[in-house]
Amino acid sequence: MNIEKLLKSLPGYDFKKLINKSQRFEPGSTIYAKEIENEIFLLFVVLKDKNPKDIHSFIAYFDSFEHIGVQEPKEIMFYQLISKIQDFHYFEKYLNVYH
């Protein structure tokens, strides 16, 4: 799986695409978000000008979906940088298991 294929598959897993407006990442970066529990979200952030693209993944607590990409999270419970081909293969398996 490559990064473009991965990003195209996220909407099929009920992720919503947002544009980052917070200070955590460069403005204009893309955020894919999905609520996995009440006010707890799984996020994938793709930096706007990074090439090759890395994906920053988070499980984070926000007061509401509307705060994602606008405000900092209340709490970050998990963070991983997905940048190597092995990371993408693992992630692909994870998506297939939990879809």
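Our structure is the block above this text.
Now for a look at the structure at hand.

**Quick look at the packing of aromatic side chains**
All told, the structure shown has 4 aromatic pairs when counted by the stated rule. A centroid spacing of 5.3 Å and a plane angle of 55 degrees characterise the contact between F15 and F44, whose relative ring orientation is tilted. A residue pair is termed long-range when its members are at least 10 positions apart, and F15 in the loop between helix 1 (3–9) and strand 1 (16–19) and F44 in strand 3 (residues 40–46) qualify at 29 residues. A relative accessible area of 7% places F15 in the buried class. Judged by relative accessible area, F44 falls into the buried class, the value being 3%. With centroids separated by 5.0 Å and ring planes inclined at 50 degrees, the aromatic side chains of F58 and Y79 adopt a geometry described as tilted. Taken together, the residues F58 in strand 4 (residues 55–61) and Y79 in strand 5 (residues 75–82) connect sequence positions 21 residues apart. Through a chain of ring-to-ring contacts, three or more aromatic side chains come together here, namely F41, F62 and F65. Taking NZ or CZ as reference, K16 lies 5.0 Å from the ring centre of F65, over its face.

**As for the pattern of salt bridges**
A full pass over the atoms with the stated rule returns 1 salt bridge. Here K74 ties to D63 by a salt bridge, and the two come within 3.4 Å at their closest N and O atoms. In this pair, K74 is assigned in the loop between strand 4 and strand 5 and D63 in the loop between strand 4 and strand 5, connecting sequence segments 11 residues apart. When its relative accessible area of 54% is taken as the criterion, K74 is described as exposed. Residue class for D63 comes out partly exposed when judged on its relative accessible area of 33%.

**Remarks on the nonpolar core**
Across soluble globular proteins, nonpolar side chains show a tendency to be buried alongside one another. Counting residues in hydrophobic clusters, the biggest one holds 12 residues: L18, F25, I31, A33, F41, L43, V45, L47, F58, A60, F62 and I68. When contributions to this core are tallied by element, the ones reaching two or more residues are strand 2 (30–37), strand 3 and strand 4. A total of 3 residues in this core trace back to one element, the largest contributor, which is strand 3. For F58, the residues in contact, after removing those within four places along its chain, are R24, F25, F41, L42, L43, V45, I76, F78 and Y79. In terms of nonpolar packing, the next biggest core, distinct from the first, is built from 11 residues, L6, Y32, L42 and I82 among them.

Cut-offs applied
Residues numbered from 1 in each chain as written. Predicted model: local features only at pLDDT ≥ 70, side-chain atom pairs only at ≥ 80, totals over all residues. Heavy atoms only, no water. Phe/Tyr/Trp six-rings, centres within 6.5 Å; stacked < 30°, edge-to-face > 60°. Helix = DSSP H or I, 4+ residues; strand = E, 2+ residues; numbered from the N terminus. Buried < 20%, exposed > 50% of the residue type's maximum accessible area, 1.4 Å probe, protein only. Lys NZ or Arg CZ within 6 Å of the ring centre and 35° of its normal. Salt bridge = Lys/Arg side-chain N within 4 Å of Asp/Glu carboxyl O. Core = buried A, V, L, I, M, F, W, Y, C linked by side-chain atoms within 4.5 Å. Contact = heavy atoms within 4.5 Å.

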